[in-house]
Amino acid sequence: MAAYPMNGARAWEAPRTEGPGLRIALFSGNYDCVRDGANQALNRLVDHLLTEEGAAVRVYSPVAAVPAFKSAGDVVPVPSVAIPGRSEYRVALGLPARVREDIRRFAPDIVHLSAPDWLGRSAQRFAREIGVPVVSSLHTRFETYLDYYGLRLLRAPVERYLNRFYRGCDRVLAPTEAIAGAFRSQGLDGRVAVWGRGVDRDQFNPGRRSPELRRELGYAPDEIVPLFFGRLVHEKGLAVFAGVIRAARERGYRLRPMVVGEGPARRWFAGQLPDATFLGHLSGERLGMAVASADVLINPSVTEAFGNVNLEAMACGVPVISARVPSAEALIAHGSSGLLVEAAAIADYTDALERLVISRPLRAALGAAAARSALSHDWCQQLSGVASVYRECVQPGRR
């Protein structure tokens, strides 16, 4: 069978059919176009399925001319266009006939949908047509994005659409028990499982703290370093973070933040924090060192479905001040392993930050408790749980 190019980006071999394990067709909105928590979790899942579960996996996703990172598994490009003003993200244009034929030849046992977009909805309908069970996983609270782009009036119809989408699946993988409970209350009881996240303990641990890196970046040994960690997009709460730093300075605390991450709002954010240290995108050992070398993570995002950055900072023994949202409440015990504050309440964030700035024992206690809590988040256990859900969906006699 001939390989075929799409989007002018890559050419791909025809599907392979050998192998005794499950066959999973995974549909992603931007599998390797953007390096974010959702895509990294999906890539970990695919790698685990291939190497630990003996599965065959075929990923269907928009692709970029230059991938953001080396992805796991075979990726079949689907037609897509870049989002205006956010060209790193692409929107799939449905499921054309040649991709449908590719899916038929692959003959999946499971269709896994990772986004409720046009591609995901098209794949959901096609899976019903060919009689394949559908599993979906929630990675982002898309309905919360609307508030950041002046589209709040669309929230009710978007939520109705999301409800229909997830009700059309055989299983739904929620990132936390709180979100799973919300799905169950919407009539999905019996179809919901929790797929949490793990943390790489070699990369993120308290031993990664580096006095040398702090000196290299111009921080004094006793200087308190607030950390922003994540993609530089407005929906991550950039305005709240900047407001908290300004408010703390007005109280007399001369704080110089460290910013780890990259994104289209970097110029705006740098204008709000002209003396901050912007490290851009980091990976590997350097990323672990940067996170562990901060003194407090401030995470004002309300759009997280899980909150990977909270967990990674916790694993490094860095106390976290986070918006009080379900994802954070699933990870952080307020006052014990971190501090939770009401979303967008700049004064409350500033009060919490002030407590940590003035009390080294409190920082140490919260950081130590956070590191202990993070030990329970194991990637292999979480990914094996997803494979178990797949097997539950496959009817006897299929494989």
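Residues numbered from 1 in each chain as written. Predicted model: local features only at pLDDT ≥ 70, side-chain atom pairs only at ≥ 80, totals over all residues. Heavy atoms only, no water.

Undergrad: Honestly, the sheet that holds strand 17 (residues 339-341) in this entry has me stumped. Any pointers?
TA: The strands that make up a sheet are held in pairs by hydrogen bonds between backbone atoms, and each pair lies either parallel or antiparallel. Pairing is parallel across the open sheet formed by 6 strands, whose spatial order is 14-13-12-15-16-17. Because the sheet does not close on itself, it has two edges, and the strands there are strand 14 (277-280) and strand 17. The sheet shows a mean angle of 20° between the axes of neighbouring strands, taken without regard to direction. In this sheet, strand 13 (residues 258-260) lies alongside strand 12 (residues 226-229) in parallel orientation, the contact comprising 3 bridges. (Pairing = 2+ DSSP bridges. Helix = DSSP H or I, 4+ residues; strand = E, 2+ residues; numbered from the N terminus. Axes fitted to C-alpha atoms, helices over the stretch in contact; angles between N-to-C directions.)

Undergrad: Looking at this model, I keep getting lost on the pattern of salt bridges. Mind explaining?
TA: One side chain can pair with another of opposite charge once the charged atoms of both are near each other. Under the defined criterion, the tally for this structure stands at 19 salt bridges. Among the salt bridges present, the one from E285 reaches R208, with a minimum N-O distance of 3.8 Å. Note that E285 is positioned in helix 9 (residues 284-292) and R208 in the loop between strand 11 (192-194) and helix 6 (211-216), a separation of 77 residues in sequence. Its relative accessible area of 24% is what places R208 among the partly exposed residues. One salt-bridge network, held together by shared partners, links R58, D102 and R105. (Salt bridge = Lys/Arg side-chain N within 4 Å of Asp/Glu carboxyl O. Buried < 20%, exposed > 50% of the residue type's maximum accessible area, 1.4 Å probe, protein only.)

Undergrad: What exactly am I supposed to notice about the nonpolar core here?
TA: Grouped burial of nonpolar side chains is what soluble globular proteins tend to show. Of all hydrophobic cores here, the largest spans 64 residues; its most connected members are F269, I321 and L353. Top contributing element to this core by residue count: helix 7 (residues 238-250), with 7 residues. Those residues within four positions of F269 in sequence are excluded, and the remaining contacts are F228, L232, L238, F241, A242, V259 and F278. (Core = buried A, V, L, I, M, F, W, Y, C linked by side-chain atoms within 4.5 Å. Contact = heavy atoms within 4.5 Å.)

Undergrad: What is the right way to read the pairing of strand 12 from this model?
TA: Note on strand geometry: in a regular strand, side chains alternate between the two faces of the sheet. Alternating residues of strand 12 divide into P226 and F228 and L227 and F229, and every residue in both groups is buried. In terms of strand pairing, strand 12 meets strand 15 (residues 296-299) through 2 bridges, oriented parallel. Paired with L227 across the bridge in strand 15 is L297.

Undergrad: Whenever I open this one, the packing of helix 12 (residues 346-358) against helix 13 (residues 360-374) confuses me. Can you help?
TA: Packed helices, taken two at a time, are described by the angle between their axes plus the distance between the axes. Between helix 12 and helix 13, the shortest axis-to-axis distance is 5 Å and the interhelical angle comes to 105°. Overall, the two elements helix 12 and helix 13 adopt an arrangement that is roughly perpendicular. In this structure, helix 12 uses R355, L356, V357 and I358 to contact helix 13, whose residues at the interface are R360, L362, R363 and L366. Across the contact of helix 12 with helix 13, the residue classes break down as 5 nonpolar, no polar and 3 charged. (Parallel < 35°, antiparallel > 145°, perpendicular 65-115°, else oblique. Nonpolar A, V, L, I, M, F, W, Y, C, P; charged D, E, K, R; others polar.)

Undergrad: Mind showing me how you'd approach helix 9 here?
TA: Three- or four-residue spacings in an α-helix give side chains the same orientation, since the helix completes a turn every 3.6 residues. Buried within helix 9 we find L287, G288, M289, A290, V291 and A292. Residues of helix 9 that are buried make contact with helix 6, strand 12, strand 13, strand 14 and helix 10 (308-315).

Undergrad: Help me out: how do you make sense of the packing of aromatic side chains in this one?
TA: How two aromatic rings sit relative to each other is set out by the distance from centre to centre and by the angle between their planes. Taken as a whole, this structure holds 9 aromatic pairs when the rule is applied. Ring centres 5.4 Å apart and planes at 80° place the aromatic pair F228 and F241 in the edge-to-face group. In this pair, F228 is assigned in strand 12 and F241 in helix 7, connecting sequence segments 13 residues apart. Considered together, F228 and F241 belong to a single accessibility category, that of buried residues. Put simply, the rings of F228, F241, W268, F269 and F278 pair up and form one aromatic cluster. For the cation-ring pair, R256 lies above Y219, with the distance from its terminal atom to the ring centre recorded as 4.0 Å. (Phe/Tyr/Trp six-rings, centres within 6.5 Å; stacked < 30°, edge-to-face > 60°. Lys NZ or Arg CZ within 6 Å of the ring centre and 35° of its normal.)

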